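# Working through the structure, step by step
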Amino acid sequence: MLEINNITKVYTKGGDKFTALDNVSLKVEKGEFVAVVGPSGSGKSTLLHTIGGLIHPDSGQVLYRGSDVYKMSNQEVNRYRRQYVGFVFQQFHLMPYLTVLENIQIAKVETESKNGKIEELMGKCALLPLKNKYPSELSVGEKQRTAFIRAIISKPEILLADEPTGNLDPENSKILMSLIEDFHQSGGTVLLVSHEVESANYANRKVTLKEGRLITNNISSTLTDNNRSGFFS
Amino acid sequence: MNPFKLVIKELFYRKVSSLVILITVIAASTVSVAIYTLSKASENETRKIMREQGLNLYIFPKGTNLIDFYSVNNTPTFPENYIDTLAESKTFDAVRHLTGILQLKYPNWTDPNGSSHQIVVMGYKDEAMQRFLSKQETMGFDVEKGTVHVGSLISVNIPEGEKFKITGHNGKQYEFEIAKRLEEGKGMLDQGVAFNLIDLQQILGMEGQINKIEALGCVCHDGRINNARNQVQNIFSDLEVTEISSIADARENQRLMMNKYGSFIIPFILIVSMLISALLFYSNVNSRRYEIGILKAMGKSKTFILFIILLKALLLGFLGSVVGFFAGSFIAEYFGKEIFRFTAMAIKPLWSLLGFSVLIFPVLWMLSSWIPALAATQIDAAKTLGKE
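The rules behind each value
Residues numbered from 1 in each chain as written. Chains lettered and ligands numbered in written order. Predicted model: local features only at pLDDT ≥ 70, side-chain atom pairs only at ≥ 80, totals over all residues. Heavy atoms only, no water. Contact = heavy atoms within 4.5 Å. Buried area = accessible area lost by both parts, 1.4 Å probe. Salt bridge = Lys/Arg side-chain N within 4 Å of Asp/Glu carboxyl O. Pairing = 2+ DSSP bridges. Helix = DSSP H or I, 4+ residues; strand = E, 2+ residues; numbered from the N terminus. Buried < 20%, exposed > 50% of the residue type's maximum accessible area, 1.4 Å probe, protein only.

Next up on the list: the interface of chain A and chain B. Contact with chain A, which involves 22 residues of that partner, is made by 25 residues of chain B. Buried surface at the junction of chain A and chain B, both sides included, amounts to about 2,200 Å², of which 64% is carbon and sulfur. The largest per-residue losses of area from chain A upon contact with chain B belong to H93, Y97 and I106 of chain A, which jointly make up 31% of the total buried on that side. Inspection of the region where chain A meets chain B yields two salt bridges. Residue E102 of chain A pairs with K9 of chain B through a salt bridge whose shortest N-O separation is 2.6 Å.

Take a look at the structure:
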């Protein structure tokens, strides 16, 4: 479904060149849960953003269902991001002036089902009583769950999660990872960037990046099934 | 989600910056409306003041000796119906307030005390209504038939309640009600009498004749006098036109004064306010980098991002223009009363300006937000959202 071929991305800062991705290739099948791990500055986030159509690589291809994302028209890229990809970031990036419900509504593509689906997901994520609250009134866990629903409300095929538990305590991390796992179990494809072993262990494949190079690409033997609460079952 | 709702919620969330932008629109529209309203009031005031100074164009037969003309020696006459022809002409629009005059010296007027005086007699035809031009308030002398206006020096010799008596060309005695005793300072008319034209023509036996037309020249791009002369001579090649340039210049300068101020101050205030707003919009876009980044990550197009910034500018421009219109009109009315003696009470909101303001200010403020809006579309979502 997703094929990354020989992606290279070099950043230049003050005359110095920094290779964030160096000839990286990766294939992700539909329904896979892939954890991208590696030390800081290894290019994990750059890889995720490149897959999400946010960073134009210097060379290489990102093929989604055979189409090169970076050869798509602006409209097509927007549609790719709107319908097929959902992002969850470490900093939740909620609109501070929108309520929980509105923060989710803003990402919703189809309007005909009104708020039924949103409220169902909010109920599963224990956010329904908070639907009219503003981000400033939420805990970090609640914020991240809101950001998570916003990412999946348009039923994307791929969820790109960039250190989603980075700001959460262990309990909230577990809840969020369960939600991500449920998304995966319901047929979604997940690419997760994480420093945390516990989070990465949810994946059925781990790829390791170091200094912009892919150094391992393994099926995980430690796929766990604990803490799955069946939110999306 | 409706972008309108998104913009409204953002406006209320960032109250201070929204308010500051709104204040710049209000300031610009207030100043513009106030100056424009005052300039219109100034034009009216000028018109009233200049009315007191009289008409500035003289039309008379070609070949008239100007020394005789200004000395009121007997100068050639021409038919008074020339005025009607001019007033009926579709192309004759450079001259207004056409007033036919018969002006002569009357050598031996005897006052009630029996003393003889040389006086000036002036017969005024009612001001001609120009058929193809808008109606205007009459400017010249308006003397009712059967009455006279007597100059200050003449009126000294006529006791209150007495009629004005004068002997006609046929030796017949004519009597007139004194409708007005003119104040000192009317020039030659201080020692003169103003009649209705028909009455004077009868007295002098000069029916249907006048020897000058007094009028008001327009402010024309190709020159007041040239334009007026060309238009008059296209119809009557036997007429000449001259101008009292001091009155004409004063009138024109007065009229243009406020326009000149307005044409400098309004663009200046607009440009400064728009620049301030542009900076405020830019700062607003900067503080919304994450929001814009996330909108991009969610697949919102550049057009959508451009739209929400411009919509905000449009809403603030609209609201500011309405508030500014009322504030500007109030200021114009308040200060206008202090500035203008004659037209103070006539200063009212110019409602046509409201329509103009609500169209122009939103467009101007959308223009001022254009570069910040373009900058917003260029925000790199990956860089912005990837920051920790």
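Bringing the pairing of strand 4 (residues 59-64) of chain A into the picture now. All names here are of chain A. When strand 1 (residues 2-13) meets strand 4, the two strands line up antiparallel, connected through five bridges. For N5, the partnering residue across the bridge sits in strand 4 and is Q61. Note: strand 4 against strand 5 (residues 67-68), two bridges, orientation antiparallel. Bridging across to strand 5, Y64 finds its partner in S67. Between strand 4 and strand 5, which pair antiparallel and follow one another directly, the connecting turn spans two residues, one of which, R65, has a positive phi of 50°.

Residues and elements named next belong to chain B. Going through the model one piece at a time under the given rule, you end up with 19 salt bridges over all chains. We note a salt bridge from K312 to E10, for which the minimum N-O separation is 2.9 Å. Of this pair, K312 sits in helix 10 (residues 302-339) while E10 sits in helix 1 (residues 3-13), and the two are 302 residues apart along the sequence. Judged by relative accessible area, which is 1%, E10 ranks as buried. In this structure, R229 engages E240 in a salt bridge whose closest nitrogen and oxygen atoms are separated by 3.0 Å. With a gap of 11 residues between them, R229 in helix 7 (residues 224-235) and E240 in strand 11 (residues 239-243) connect regions that are remote in the sequence. Overall, the relative accessible area of 26% leaves R229 in the partly exposed class. A relative accessible area of 23% places E240 in the partly exposed class.

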